[in-house]
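Examination of the molecular architecture
Okay, here's what each chain looks like letter by letter:
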Amino acid sequence: AGAILPPELLSKLVVYHIEEKMGHDEDSDDDTAVALSPQEQKIYDAIQESLPDKQETYKDAHVWFQNRIRLPQVTLDQLTLIPNNNNGNQHAWT
């Protein structure tokens, strides 16, 4: 058995992941968006509707706005870790 993520943290991770897939990850050199699943698209649309004007991402929103956005309820049923050898680091995981 492992540690349990708090529900709010797990929800934020899901939103960050969706935004990254949509090409909103400022740390990435690749700005190409990936198709979202229907569930991910529903979450993305709900978050976008909740953001103030001129605010593109939840991640970049002020904490005051983040605290007022209703995040999706998320459960973690399965976690798959894949070794990421692209960085030359043997201990990197995706």
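Let me sum up the structure you'll find in this document. (Residues numbered from 1 in each chain as written. Predicted model: local features only at pLDDT ≥ 70, side-chain atom pairs only at ≥ 80, totals over all residues. Heavy atoms only, no water.)

1. Some remarks on the overall build of the protein
Across its full length, the protein carries 3 helices and 0 strands. What you see in the protein, going N to C, is helices and strands ordered as α-α-α. Among the 94 residues that make up the protein, the fraction classed as buried is 23%. Relative to all contacts within the protein whose residues are 6 or more apart in sequence, the contacts with residues 24 or more apart total 42%. With the model as given, the accessible surface of the protein reaches about 7,600 Å², and the carbon-plus-sulfur share is 51%. (Helix = DSSP H or I, 4+ residues; strand = E, 2+ residues; numbered from the N terminus. Buried < 20%, exposed > 50% of the residue type's maximum accessible area, 1.4 Å probe, protein only. Contact = heavy atoms within 4.5 Å. Areas by Shrake-Rupley, 256 points an atom, 1.4 Å probe, with all protein chains shown as cover.)

2. Let's talk about helix H2 (residues 38-50)
Taking 1.5 Å per residue, 13 residues should reach 18 Å; H2 reaches 19 Å between its end C-alpha atoms and fits that length. For H2, the set of buried residues is Glu40, Tyr44 and Ile47. All buried residues of H2 project into a common sector of 65 degrees when viewed along the axis, lining one side. Projecting away from the buried face of H2 at angles above 90 degrees are the exposed residues Pro38, Gln39, Lys42 and Glu49. The elements touched by buried residues of H2 are helix H1 (7-21). (Expected span 1.5 Å × (residues − 1). Arc of directions from axis to C-beta.)

That's the geometry; what it means functionally is another story.
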